[in-house]
Amino acid sequence: MIQSLFLINCSGDIFLEKHWKSVVSQSVCDYFFEAQEKAADVENVPPVISTPHHYLISIYQDKLFFVSVIQTEVPPLFVIEFLHRVADTFQDYFGECSEAAIKDNVVIVYELLEEMLDNGFPLATESNILKELIKPPTILRSVVSSITGSSNVGDTLPTGQLSNIPGHQVGIEYTNNEAYFDVVEEIDAILGKSGSTVFAEIQGVIDACIKLSGMPNLSLSFMNPRLLDDVSFHPCIRFKCWESERVLSFIPPDGNFRLISYRVSSQNLVAIPAYVKHSISFKENSSSKYGKTIEGITVTVHMPKVVPNMNLTPTQGSYTFDPVTKVLTWDVGKITPQKLPSLKGLVNLQSGAPKPEENPSLNIQFKIQQLAISGLKVNRLDMYGEKYKPFKGVKYVTKAGKFQVRT
Amino acid sequence: MSSNSFAYTEQSGGGETAELGQEATSTISPSGAFGLFSSDLKKNEDLKQMLESNKDSAKLDAMKRIVGMIAKGKNASELFPAVVKNVASKNIEIKKLVYVYLVRYAEEQQDLALLSISTFQRALKDPNQLIRASALRVLSSIRVPIIVPIMMLAIKEASADLSPYVRKNAAHAIQKLYSLDPEQKEMLIEVIEKLLKDKSTLVAGSVVMAFEEVCPDRIDLIHKNYRKLCNLLVDVEEWGQVVIIHMLTRYARTQFVSPWKEDDGLEDNEKNFYESDDELKEKTEDRKKPYSMDPDHRLLIRNTKPLLQSRNAAVVMAVAQLYWHISPKSEAGIISKSLVRLLRSNREVQYIVLQNIATMSIQRKGMFEPYLKSFYVRSTDPTMIKTLKLEILTNLANEANISTLLREFQTYVKSQDKQFAAATIQTIGRCATNISEVTDTCLNGLVCLLSNRDEIVVAESVVVIKKLLQMQPVQHGEIIKHMAKLLDSITVPVARASILWLIGENCERVPKIAPDVLRKMAKSFTSEDDLVKLQILNLGAKLYLTNSKQTKLLTQYILNLGKYDQNYDIRDRTRFIRQLIVPNEKSGALSKYAKKIFLAQKPAPLLESPFKDRDHFQLGTLSHTLNIKASGYLELSNWPEVAPDPSVRNVEVIELAKEWTPTGKAKKENPAKKFYSESEEEEESSDSSSSDSEGGGSEEEEDSSEDSSEGSSSEEESESGDESEAENKRMATRNSKNKGKSDTEDGKKKNEKSKTSGSSDADSSSIESSSDSESESESEYESRKTTKEIGKQTKQDRNLLTKDVSLLDLDDFNPISTPVVLPTPALSPSLIADLEGLNLSTSSSVISVGTPVFVPGKTHVLLHRMSGKGLAANYFFPRQPCIFGDKMVSVQITLNNTSDRKIENIHIGEKKLPVGMQMHVFHPIDSLEPEGSITVSMGIDFCDSTQTASFQLCTKDDCFNVTIQPPIGELLLPVTMSEKDFKKEQGMLTGMNETSAVIIAAPQNFTPSMVLQKVVNVANVGVVPSGQDNIHRFAAKTVHSGSLMLVTVELKEGSTAQLIINTEKTVIGSVLLRELKPVLSQG
């Protein structure tokens, strides 16, 4: 399947290569560079490229290209999904997935890649299993190992590798037994010119952070499980329980993981919490309804290329304009219904350039704490199989996802 | 850390050298910069020294630096001898890094690599499974042909290893060895065959991968493992799932007959892409035969369904393509939701998924139509995503949604991304041709775009308008005139050429403009693009033929210019045209027809989706994405006309059981298969022949009693798609059922089937006997389900036998139904009479108990398995008249054993009931096998109150306190009455007996079906036919006292409605009102 992997940075340097079968020369990446050049924008580099002898499947994440070399037919999503898993693992291990981090930890990266793929076929991709095999770098450990020469490589097979319960370690004892859940909902919306909702839906995830000793069996139930329209599960969740009882029953892996992600699509459920009036005034329509303040509001506008600079005065917050990327960012902050923030001023055009016909569309970011906008509520979390009482907590956040206002 | 960063700085130095000359070969280095080379050499020297030191930390350091070099793509092969010595290091990290090095360079240094082999051979015997596995991994990754025999031996041994992890690695090693030495194929296939039998979920994915790589054509190896793979699938790790699903898709296409009925094809209005024409014909020929799905086919479809919920996009896509390629078309719809979910993912996933949706949406619009808005374009999407979305929107466009879409397209046309705007215009053109209603609207819209300021937009519009006009022979003189004017301003060659062509085609319709255009073009001919020049020549020729008086000279002039053009295409064309149109002596017969040649009616261009030709590739594959056949692509075969022998999938069974397993015999007898599976069918025939007294009727009886015993028939009925799922269950049940039956009726019947193991020891409990006979044969297939069903069935039988003699009588007497069965509308009158006799002692004459309109499948937890030490109990209200007493509410309890040991003597212990409440307990259950499940019926007289019934559910060892609290709606029995009677009764129940409330809700919640559905969902009431559209009436009586309960929902103006409840039992009435109110008002 996956024959080789090349990591390429933004300026086109191949800074890491790994081969699982025979060595493939770096020159294969020339085809990729060619495609990159043609695409102009990094976002537009086609993920699948055909070359005379190989196929290149690439992803772009964190300003890095992960380019894999394939020789025979394989489902492209298989490779894409795997590459993202690799990037996520790096992120998990080093705190960031950047060229510097990877270069600094090149040995761990190599060890990881060696464990993740065997002969091009994924072997261990669960982060917890990997962490048992190869310990993530910490300052303390690197000091200790440089003195004693002790290794950061586990010498026994992780138990999770053998069981159907992905990634739960037996026999770990925590002093604080904790189970925290973050319900994060994002509103994806397109608002039309007139302020009407063209399209809106809610995408939610429940991220869990679980540190529980022993072999706990958790079951999480909701007040209103029927809200969840389409759900995808972490493999630890027993699908049958959900089917029959609408309860999430699982033996959790240790640490952070995404328990479920879901979609709430029925139109009338989505009440848009913020409106922008043609980049002129900004008003919040439903603060009374939710009783929460919307905060962290940012408006981003991709200005047309003919705009060299601008001079604006916001009534609230501050704005920046990047003349290279032509992105205007207005950091509004909180909204109070009494005083609606606005941004006014002059936008200069290049002399001689025609007036752009279309107003650029606005992208909006915001955050509402302690609210899941779909109305989803966790009812209770029960733990079975262990005696102690864990700390439990659920946090709700609503954010703007791909929230766009057409003007 | 420190050592790492140290290594890094050195690498960057190394990087420079690599740039200068790929393999730094030291020697000549005069300049200062080349000092790096020497230091590089030196570095390698001290690396060697470090590796030879006896301190592990130094060795580790050295190895880390070497790995850094490898990662950078730098050559470190000269260190091979020094590194390979450390292969036997005790330090596991050093060892691992040496492995990394070995795998990288062994191919280049084959002789030296052999030094390490003995270490691996030793490690293969290590007690630690991780070490065994990694030794095998490295050994098989060393691409040295000499060690092929050693590898072969190691793989064989590892494939029999106790650790599944090692076996998994063995499966990976198979592929490596195969790519190294294809000669070993036969031996490797043997290993694959062995590993395919492996029951570990860990191995399954890897071995199927090996199978796909080594011998994808050996489909015969799969037969025996097919059912096992289907059943294991959910538990296999996600990567394995993808591979297995793809393999099984291919398998299913060779082994089963097509589930696509002809009417499906009609619905599509398009011929299936997977079939060539003649095949279609064949299909129509044998259309007459009723289709029945192979149970194995169904098994695959059913077992993959939960995976649509996977977090892994590749798994979801794999299931989606499986449904697309092998499921009946009516069922494929469920994949769209999951695919749309994937669109939230990153751009790469979006790209692939959108491509696949684009292909699907061409063939089956309906699937994605509900998600139309999910494909709306955001300005921040990358262009490639935008174009794909646009493509899908075009495919989904139809008469109903086109106006919305056009409005959406208007926004896109104004996009700053001009490439995208141009693509949108193309799209509008395609919509205009596909949907004739909007052609004019689109045309007008496009004409408006002609005055757009952006040239690309204008040019694209011109091209599209040209195509549209070509399709419509109607006169569009105005548009052409407008476009002629554009010629002065527009510069894009394609657009200019399009305009010229249009004018040429319609030159007779615009007689005044055309010659003038030609004049202008003659002036600018030399500076035009080649494309435009050709069209000028064409225009000239056409005008010459129609209007030679005005244009003769102009054309001559243009032809002369063309004659000396630099481009030989243009020179050729000029020569050709001159010969055709200008009459001279030499010109032959052709010039007579010149007009016909030039001004012939031209066929309109077909605006087609670029995804039209992709569908012959399997969805989700690389080949589909690239639209080229990728190497190693395995063609998806067409459905066979006649299914190959399905018995090949049977796993060897013991002789006794063979009687009822599907065999070829059934097939021969019934070439046209019925809906039920073959095994069943065979049984049916033997069944009916054996049961002398009951004849054909017994069959139906069994069916219906099964339904009732499962207590979930309503679910099955409501989801028609699940029919065949039920069928599968049934098949499993039937096996057990015969045994159950022989238990109960062994006195009466002399079953020929008493050969089956079950009845041979008919005295033992049927659970045991069934596990005897089936554990090997069917356990992999349906073990869980079977035991569950058996459990239910036996209980049912036992109930019948021991509980109530009259029940058994009724059972025998009435061929259709046992008393607890759902009275379907087709109930025989005698049974209704029976039921009335049972229940209606207190009711007045106007009311008669009706059938429940709707039975909610909702179950309530009685005992959670966690608190029940493995025993789980759920209860649900079947809404049936209770068989134990007419004042009781029937409750069905399903007991599940989720522990791993048998639970014995399940019974009801102490009851703590409020005064007046009564309860009819179920008969104690002797034992419940692990994974087993039993459904029992109870009757509870709640005295028309919602007080809880508390009692103890006891097993041999424990007692658990449980409670049942009935929802108010379950304390009712539906009654049927006429509208007149209803009004009469209502008239008597006014004043104190009437409660009412006003509800406000959105109008769409007040459609008759919604109201009906909501009310019957909450309460077990009967529907009273109503003469008025805006009034809905429901009637019921309380179970205990038989008091009437009349519910009226009267819809008012606006979005309000009046809810009225009339009853003597005012308390219940008001509670019901309280329950109904929120249900009706919520969306």
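What counts, and where the lines are drawn
- Residues numbered from 1 in each chain as written.
- Chains lettered and ligands numbered in written order.
- Predicted model: local features only at pLDDT ≥ 70, side-chain atom pairs only at ≥ 80, totals over all residues.
- Heavy atoms only, no water.
- UniProt positions renumbered as here; feature names shortened; annotations may be inferred.
- Pairing = 2+ DSSP bridges.
- Helix = DSSP H or I, 4+ residues; strand = E, 2+ residues; numbered from the N terminus.
- Axes fitted to C-alpha atoms, helices over the stretch in contact; angles between N-to-C directions.
- Contact = heavy atoms within 4.5 Å.
- Buried area = accessible area lost by both parts, 1.4 Å probe.
- Salt bridge = Lys/Arg side-chain N within 4 Å of Asp/Glu carboxyl O.
- Nonpolar A, V, L, I, M, F, W, Y, C, P; charged D, E, K, R; others polar.
- Parallel < 35°, antiparallel > 145°, perpendicular 65-115°, else oblique.

In the annotation of an unreviewed UniProt entry, chain B is listed under the name AP-3 complex subunit beta and assigned to Ictidomys tridecemlineatus. Its UniProt record gives chain B the following Sequence similarities (unreviewed entry) comment, quoted word for word: "Belongs to the adaptor complexes large subunit family."

Looking at an unreviewed UniProt entry, one finds chain A named AP-3 complex subunit mu-1, with Ictidomys tridecemlineatus as its source organism. Here chain A is described in UniProt, under the heading Sequence similarities (unreviewed entry), as follows: "Belongs to the adaptor complexes medium subunit family."

Residues and elements named next belong to chain A. Read from one edge of the open sheet, 3 strands run 12-10-22, paired in antiparallel fashion. In this open sheet, the two edge strands, each paired with only one partner strand, are strand 12 (247–250) and strand 22 (378–384). Averaged over all adjacent pairs, the angle separating strand axes in this sheet is 15°, with direction ignored. Pairing of strand 10 (residues 217–222) with strand 22, which is carried by 6 bridges, proceeds in the antiparallel orientation. Within the sheet, the bridge partner assigned to Asn 217 lies in strand 22 and is Tyr 384.

The subject of this paragraph is the interface of chain B and chain A. With 106 residues of chain B at the contact, the number on the chain A side is 108 residues. Across the chain B to chain A interface the summed buried area is about 9500 Å²; carbon plus sulfur atoms make up 54%. Put simply, chain B and chain A have 9 salt bridges between them. The salt bridge involving Asp 118 of chain A is made with Arg 137 of chain B; its shortest N-O contact spans 3.9 Å. With 8 residues, helix 3 (residues 56–72) of chain B is the single largest residue contributor to the side of chain B that touches chain A. Its residues assigned to classes, the side of chain B that touches chain A comprises 40 nonpolar, 37 polar and 29 charged.

Next up on the list: the packing of helix 18 (residues 313–326) of chain B against helix 20 (residues 347–363) of chain B. Residues and elements named next belong to chain B. One way to put it is that helix 18 packs onto helix 20 with a least axis distance of 11 Å and a crossing angle of 10°. Comparing their axes, helix 20 and helix 18 come out roughly parallel. Across the interface between the two elements, Ala 313, Met 317 and Trp 324 from helix 18 touch Val 349, Asn 356, Met 360 and Gln 363 from helix 20. Looking at the contact of helix 18 with helix 20 residue by residue, the classes come out as 5 nonpolar, 2 polar and no charged.

All names here are of chain B. Pairing is antiparallel across the open sheet formed by 5 strands, whose spatial order is 2-3-4-8-6. Single-partner strands in this sheet number two, and they are strand 2 (860–863) and strand 6 (918–920). Put simply, the sheet's adjacent strands are angled 30° from each other on average, direction ignored. As defined by bridge partners, strand 3 (residues 871–876) adjoins strand 4 (residues 889–897) across 6 bridges and the pair is classed as antiparallel. Considered in strand 4, the bridge of Tyr 875 is made with Ile 893.

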